[in-house]
Amino acid sequence: MQMRMQTLTPSDRYVHRVDSLEDTIAAYERLGFERVLAWDRDDARAALFRAGPALVEVVETPSVEPLARPA
């Protein structure tokens, strides 16, 4: 039996925006997801997890205060 390597397409990648990257990474790892990459740059902190044939990108986004509505 010959096995082929599966190529992921853009539709196989999902983005999960979170307030706390560390807490979310710990939760994904407790659930058994494989972390394949993580990065911490000036403009972004994120991690990439394998979820079966798909990838889940977890991106930390700072909380944003809602804009005040004009009176």
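Conventions adopted
- Think of each chain on its own: its residues are numbered from 1, step by step along the sequence as written.
- Local features in this predicted model are restricted to residues of pLDDT 70 or higher, and side-chain atom pairs are both shown and tallied only at a pLDDT of 80 or more, whereas totals for entire chains, interfaces and linings draw on every residue.
- To get the side-chain values, take all heavy atoms of the structure and skip hydrogens and water.
- Here, a strand pair is defined by DSSP locating no fewer than two bridges between the strands.
- Only DSSP runs of H or I covering at least 4 residues are called helices, and only runs of E covering at least 2 are called strands; the numbering of each starts at the N terminus.
- Interaxial angles span 0 to 180 degrees and are taken between N-to-C directions of axes, which are lines fitted to C-alpha atoms, for helices over the stretch in contact.
- Residues count as neighbours in contact if any of their non-hydrogen atoms are within 4.5 Å of one another.
- The buried label applies to any residue whose accessible area, calculated with a 1.4 Å probe on protein chains only, is under 20% of its type's maximum; exposed applies above 50%, and partly exposed to all values in between.
- A pair is scored as a salt bridge if a Lys or Arg side-chain nitrogen falls within 4 Å of a carboxyl oxygen belonging to Asp or Glu.
- pLDDT runs from 0 to 100 and stands for how confident the predictor is about each residue.
- Each pair of aromatic rings taken from Phe, Tyr and Trp, with Trp reduced to its six-membered ring, is defined by centres within 6.5 Å and is described as stacked if the planes are under 30 degrees apart, edge-to-face if over 60, and tilted in the remaining cases.

Draft legend 1. Expanded view of the sheet that holds strand E3 (residues 45-51). Taken in spatial order, the four strands make up an open sheet running E1-E4-E3-E2, and their pairing is mixed. Bordering the open sheet on either side are strand E1 (13-18) and strand E2 (34-40), each of which pairs with just one other strand. Neighbour-to-neighbour, the strand axes of the sheet open up by a mean angle of 20 degrees, direction not taken into account. Sheet contacts for helix H1 (residues 21-30): E1, E2, E3 and strand E4 (54-60); angle to E3, the most-contacted strand, approximately 15 degrees.

Draft legend 2. Summary view of the side chain of Glu57. Considering the arrangement of structural elements, one finds Glu57 in strand E4. Relative accessible area serves as the criterion here: at 15%, Glu57 is assigned to the buried category. In contact with Glu57, not counting residues within four places along its chain, are Arg13, Tyr14, Val15, His16, Trp39, Ala47 and Leu48.

Draft legend 3. How the structure looks around the pattern of salt bridges. Summed over all chains, the structure comprises five salt bridges. A salt bridge links Glu22 to Arg45, with the nearest nitrogen and oxygen atoms 2.2 Å apart. Residue Glu22 is located in helix H1, and its partner Arg45 is located in strand E3; the two are separated by 23 residues in the primary sequence. A relative accessible area of 24% means that Arg45 is categorised as partly exposed. With a shortest N-O distance of 2.7 Å, Glu29 and Arg35 are connected by a salt bridge.

Draft legend 4. Just the environment of Val15, in detail. Secondary-structure assignment places Val15 in strand E1. Sequence separation of Val15 and Val58 is 43 residues, and the distance between their C-alpha atoms is 5.9 Å. Among all residues touching Val15, those that are not within four sequence positions of it are Glu57 and Val59.

Draft legend 5. View of the confidence of the model for the protein. Averaged over all residues, the pLDDT of the protein is 81; the fraction at 70 or higher stands at 72%. The secondary structure element of the protein with the lowest average pLDDT is E1, at 90, and the one with the highest is H1, at 95.

Draft legend 6. Structural view of the packing of aromatic side chains. All chains considered together, the criterion is met by two aromatic pairs. For the pair Tyr28 and Phe33, a centre-to-centre distance of 5.2 Å together with 50 degrees between the ring planes defines the contact as tilted. Since its relative accessible area comes to 28%, Phe33 is described here as partly exposed.

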